[in-house]
Amino acid sequence: MTSYARTLILTALINFGLGASAAIFSTQIEDPLRLLEEADRLAWIENRDKAGPLYERAERLFAQAGNERNTLAARIGKIQAGYQSQYLPDLAERLAEELEGPILRDDAQLRLRWLVTRAEVAMEIDPPAAQQVWEEVRKTAAELGHQAWEARAQGRLGYIAFFQGDIYKTQELMREALYAAQSLGDVGAQIWYLTSIGGGLGELELHDQSLKFVDEAFRLAEAHPDAGFPYRALAVKARSLGELKHRSEARKLLDKGLKELHALNRRLDESWCLTLSGRLSASEGNLRFAIAQLEAARKLCEEGGFHHTLAWSMFELARVYRDQGDLQKAEERARLALTAMRKVQDKYHLPQHLALLAELAARRGRFREADQLLEQAGDVTEAMLANVPSTFGKTSLIGTMSAIYVGHFVLAVEYLKDKRRAFEILERARGRAAADIIRSHPFRSRTSDERTKTLEKEISQLQTRLQFGDLSNRQVRDQLLDQLWRSKEQLNSIPEPRTPFQESTIHGRPVSVSELQKTLRPDEALLEYVLSEPASYCIVVTPEAFDMVILAGRRRIEALIDTYLSHVRSLTPGRELSQQLYRLLLRAPLAGRRKIKRLTIVPDGKLHLLPFDSLIDSGGQYALENHTFSVVPSATVYHLLNGSVDKARCRLPFLGVGGVPYGEQNAGTANPVSASILLRGISDLDFSRLPPLPGSQEEITAVSRIVGDGSVSLVGSNASKATFLSQDLSGFAVLHFAVHAVSDATFPDRSSLVLWRDPNSELDGLLQERDIRYLDLGADLVVLSACDTSVGRLQGQEGMISLVRAFFYAGARTVVASLWEASDAATKELMSNFYRHLMAGQEKAVALRKAKLDLMQKFGSDAPVFHWAGAVAYGEGNSPVRLPAQVRAQERRLLLRETPTRK
């Protein structure tokens, strides 16, 4: 026997207090104590299918020997190993009756074993009761010095907290439990935690990230052959694969799981896989097979008393009947699901169940009932948002619950005929995280405890190796990326401070129409889009009017956007497509509003990727020629940005970062990329191939001269992350980055601006999303003169999660960023023009518009849209930059005259 195996057995013996020696186990040995030892070892690493028969034999032999105490120990183990094949409500009652016996009252070790079994059974049928029992497990384990069971109980409590809607508590408890499992070498617990975290990410529709965790669980199980097969991880993986459209792979996993689970009589896990199989079949359009699978899941759930899984399976079945057009059966199943959901008190899923019932009620003409149900769903969601530990978690939750808000919006518009209420419903969700952070700014960074500092240092070292190491071996590179992922996930699991973030969540309210109208300029309209089927909507707000315009359905609009953008990126004409989009999106909202020249856009879905100013009107002109555009996450965010001026904080006018000597630190490790047109972006984290950007230093120098005295330029080796962070960032009115950028839609917190790495600093050269959002800025304007800086992950009604959003979190009022790869030469020209107009006193969005018009005039009206339309003004764009008082207008005019115009 290996030393590792001996350690496992010894751990099991210590945990259960059996005190027997760890000898070589043989299935031929009829020693009940050895049988119990081996069963405990297998159960500890989640191999209960093999542990169950051993417990049963041990129970029989102990009973024959008259050993009442160990007979009970083996019987409890047998129940725990095979509880999935029993009717859980009856089993829970029998376990409760065991407490009356004197052995359990007097034997703390045996009582711990009994408590664990009782808690696991209650998890599926009565989570609040399970919570109480797991608390007792944790307390008893602590008294007995059983660290592993204390940690496991803490992890289970975190799991229950998720369904109770307390995501802050979930993250806190799961993080500590996972660290404990890793330090104790508890393989079974680690597999369980990885699977549970992956499942939670799947619930938040972060399926790419979910797969990372479950794949890690599979790797850990494969590295320990005695560990049980992770069927729950299989189910989580199949769900995420299905949602990511890898349906054939998901089907293979589910078919394997169903076959094996049925043979093992693991009915609870089988009901999970049946539910997922039905969900997958529905997504494939096979509604008949989906109904058969989900009805089979229902049968198993009712036979086993699996309340939680019954709620889930009936929710999925109700949706299938709805899609089939059988609204009566859909409502019957939805009510059955809600009854089960209320029984287990699952607050996390409750809003989705209420929303489904509301949709069915509305389809059957019961609009007031639907409104009440959706109001309840919104209230439950609001309560959960108060317990979300991070901005990322909040955006994910809003993204998951987006359908609830959109459904309520449509109900208010179409059936209740209450446009103002529809607007307020939408604004409760849209751009919510950004609004809450802006309310509570300045948002201070998390407390840097030793764990945080260690992880941040580890991440910096890994990223430095990825940036500047010789990584021609792809396998080595993948290993480093894997290590980086693990370290980042551990850091992400550390909750952010609860205040003032949670306080703003509780007390904040969306802007009203009348408040918004007071914010708008006389020549301004705010256009807020809602993409839906069969129709989409545009809310039009001007200082004098409030209207709702019906547009084409989401699928048509987004398909047209995809085609148009493919033309833009390939530098081919797409005028007809551009005109179609103008007719679909702008013609009706602007009809009869000739005095409107400023348009503030609140996009939805793929509208986040569309440069509205490139659309062509019926007269053949670009919208840019007649209107000034800016983009905001929501009307509420726009209102807050207009009221967030803090002139006293800005003491210096300008901080520019650029001219990073990308080709120098990686010289000799790889050949730099050469291209006829240099682009300020990269598609992978292979920093050894970053090309230099010769125009970026010229850009910083030119802009610094235009802005004038007090400007700070970090160029060359001074353009490092370490030097940037050492500045008094809250004191600058304008921040400007002319650098390479990385955009990561799968893991938004990896998106970054690529700066120089100071070899004398422990910091890497990546200014990442997670670094940016913890800054304390007073900037009136941030300019991201790099590629894809406004592109990120779409999170439903929360909007696009990108570097732009991170700078809003940090305190910026306006951010200029790019929708696609930016040409180095064209960007330099655009930015010089932009700042000349800006320093002449033009409003920020107007200055950008005029800079684009300058490019069009220089290169002709047929110049590709790609070269000028990608730059977008986000946030409050209708005011000039508020520079410190010492930068006088007379000096700026003098500098403008001295700056030569580029021909």
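Residues numbered from 1 in each chain as written. Predicted model: local features only at pLDDT ≥ 70, side-chain atom pairs only at ≥ 80, totals over all residues. Heavy atoms only, no water.

Caption draft 1: Summary view of the overall build of the chain. Looking only at helices and strands, the chain features 39 helices and 16 strands. Considering the chain as a whole, with its 903 residues, one finds that 62% of them fall into the buried category. Excluding contacts between residues fewer than 6 apart, the proportion of contacts in the chain whose partners are at least 24 apart in sequence is 72%. Total accessible area on the chain stands at roughly 34,400 Å², and carbon and sulfur atoms take up 50% of it. (Helix = DSSP H or I, 4+ residues; strand = E, 2+ residues; numbered from the N terminus. Buried < 20%, exposed > 50% of the residue type's maximum accessible area, 1.4 Å probe, protein only. Contact = heavy atoms within 4.5 Å. Areas by Shrake-Rupley, 256 points an atom, 1.4 Å probe, with all protein chains shown as cover.)

Caption draft 2: Spatial organisation of the packing of helix 13 (residues 231-243) against helix 14 (residues 247-264). Look at helix 13 against helix 14: their axes get within 8 Å of each other, and the N-to-C directions meet at 155 degrees. Our classification of the angle between helix 13 and helix 14 gives roughly antiparallel. Where helix 13 crosses over helix 14, the two elements pack in a sense that is left-handed. Touching Y231, L234, K237, A238, L241 and G242 of helix 13 are R247, E249, A250, L253, L254, K256, G257, E260, L261 and L264, all from helix 14. Each residue belonging to the contact of helix 13 with helix 14 can be placed in one class, and the counts come to nine nonpolar, two polar and five charged. (Axes fitted to C-alpha atoms, helices over the stretch in contact; angles between N-to-C directions. Parallel < 35°, antiparallel > 145°, perpendicular 65-115°, else oblique. Left-handed = near helix turned anticlockwise from the far one by under 90°. Nonpolar A, V, L, I, M, F, W, Y, C, P; charged D, E, K, R; others polar.)

Caption draft 3: Inspection of the pairing of strand 8 (residues 732-738) at higher detail. Of all seven residues in strand 8, seven are buried; the element is thus mostly enclosed. Bridging between strand 6 (residues 652-658) and strand 8 involves six bridges; their strand directions are parallel. Bridged to V657 within strand 8 is F737. One ladder, built from four bridges, connects strand 8 with strand 12 (residues 781-784); its direction is parallel. Directly across from V734, in strand 12, lies its bridge partner L781. (Pairing = 2+ DSSP bridges.)

Caption draft 4: A look at the packing of aromatic side chains. Overall, the coordinates contain 19 aromatic pairs when judged by the stated rule. Both rings, one in F423 and one in F546, keep their centres 6.0 Å apart while their planes meet at 75 degrees; by these two values the pair is edge-to-face. Of this pair, F423 sits in helix 23 (residues 419-429) while F546 sits in strand 3 (residues 546-551), and the two are 123 residues apart along the sequence. For the pair F423 and F546, one class covers both residues: buried. Through pairs of rings, three or more aromatic residues link up here, namely Y159, F162, F163, W192, Y193 and Y348. (Phe/Tyr/Trp six-rings, centres within 6.5 Å; stacked < 30°, edge-to-face > 60°.)

Caption draft 5: How the structure looks around the confidence of the model for the chain. Looking at the chain as a whole, its pLDDT mean stands at 84, while 83% of the residues score no less than 70. Across residues 666-685 the pLDDT falls below 50, and counting only partners more than four positions away or on other chains, this stretch makes 56 contacts in the model. (pLDDT = per-residue confidence, 0-100.)

Caption draft 6: Molecular detail of unusual backbone geometry. Residues E533 and P534 are joined by a peptide bond in cis, for which omega reads 5 degrees. Position of P534 relative to the elements: it lies in the loop between strand 1 (524-530) and strand 2 (536-541). For E205, which is not a glycine, the phi torsion comes out positive at approximately 65 degrees. Of note, E205 is situated in the loop between helix 11 (187-203) and helix 12 (207-222). With a relative accessible area of 44%, E205 lands in the partly exposed category. One non-glycine residue, N265, lies in positive phi territory at about 60 degrees. Counting through the fold element by element, N265 comes out in the loop between helix 14 and helix 15 (267-283). Taking the relative accessible area as the measure of exposure, N265 reaches 39% and is therefore partly exposed.

Caption draft 7: Region of the structure containing the packing of helix 8 (residues 127-144) against helix 9 (residues 147-163). At a minimum axis distance of 8 Å, the contact between helix 8 and helix 9 shows a crossing angle of 160 degrees. As far as their axial angle goes, helix 9 and helix 8 are roughly antiparallel. Of the two elements, helix 8 crosses helix 9, and the hand of that crossing is left-handed. Contacts from P127, A130, Q131, W134, E135, V137, R138, A141 and A142 in helix 8 reach W149, E150, A153, Q154, R156, L157 and I160 in helix 9. The residue inventory of the contact of helix 8 with helix 9, partitioned by class, reads 10 nonpolar, two polar and four charged.

Caption draft 8: Representation of the pattern of salt bridges within the structure. Taken as a whole, this structure holds 66 salt bridges when the rule is applied. Among the salt bridges present, the one from R335 reaches E331, with a minimum N-O distance of 3.1 Å. Placement of both R335 and E331 in helix 18 (residues 327-344) is noted, with a separation of four residues, approximately one turn of the helix. A relative accessible area of 37% means that R335 is categorised as partly exposed. For E331, a relative accessible area of 7% puts it in the buried group. The network of salt bridges with common partners includes E46, R48, E120, R152, R156 and D186. (Salt bridge = Lys/Arg side-chain N within 4 Å of Asp/Glu carboxyl O.)

Caption draft 9: Structural view of the nonpolar core. Core analysis: the biggest nonpolar cluster contains 131 residues, and W134 and L397 have the highest contact counts within it. Ranked by the residues each element gives to this core, the list is headed by helix 7 (residues 108-125), at 10 residues. Those residues in contact with W134 that sit more than four places away from it in its chain are V116, A119, E120, M123, W149, A153, R156, L157 and I160. Counting residues in hydrophobic clusters, the runner-up holds 115 residues, among them L590, L624, F654 and V739. (Core = buried A, V, L, I, M, F, W, Y, C linked by side-chain atoms within 4.5 Å.)

Caption draft 10: The arrangement of the environment of M174 in detail. In this structure, M174 sits in helix 10 (residues 167-184). Judged by relative accessible area, M174 falls into the buried class, the value being 8%. The spacing of M174 and Q154 is 20 residues in sequence and 7.1 Å in space, taken between C-alpha atoms. The contacts of M174, once residues within four sequence positions are left out, are G155, G158, Y159, W192, Y193, S196 and I197.

Caption draft 11: Spatial organisation of helix 23. All of the buried residues in helix 23 are A422, F423, I425, L426, E427, R428 and A429. One or two steps after helix 23, the chain reaches G431, where phi turns positive at roughly 60 degrees.

Caption draft 12: Fine view of the environment of V541. Structurally, V541 is set in strand 2. Between the C-alpha atoms of V541 and T600, which are 59 residues apart in sequence, the distance is 9.8 Å. Discounting chain neighbours no more than four positions away, the residues touching V541 are L516, Q517, L520, E524, A525, L526 and F546.

Caption draft 13: Structural view of the sheet that holds strand 9 (residues 740-742). Taking strand neighbours across the sheet as the criterion, the three strands line up as 9-10-11 in an open arrangement whose pairing is antiparallel. Looking at the sheet topology across the chains shown, the edges are occupied by strand 9 and strand 11 (766-768). Mean inter-strand twist for the sheet, computed between neighbouring axes without regard to direction, equals 25 degrees. The pairing of strand 10 (residues 752-754) with strand 11 spans three bridges and is classified as antiparallel. The residue of strand 11 that forms the bridge with L753 is L767.

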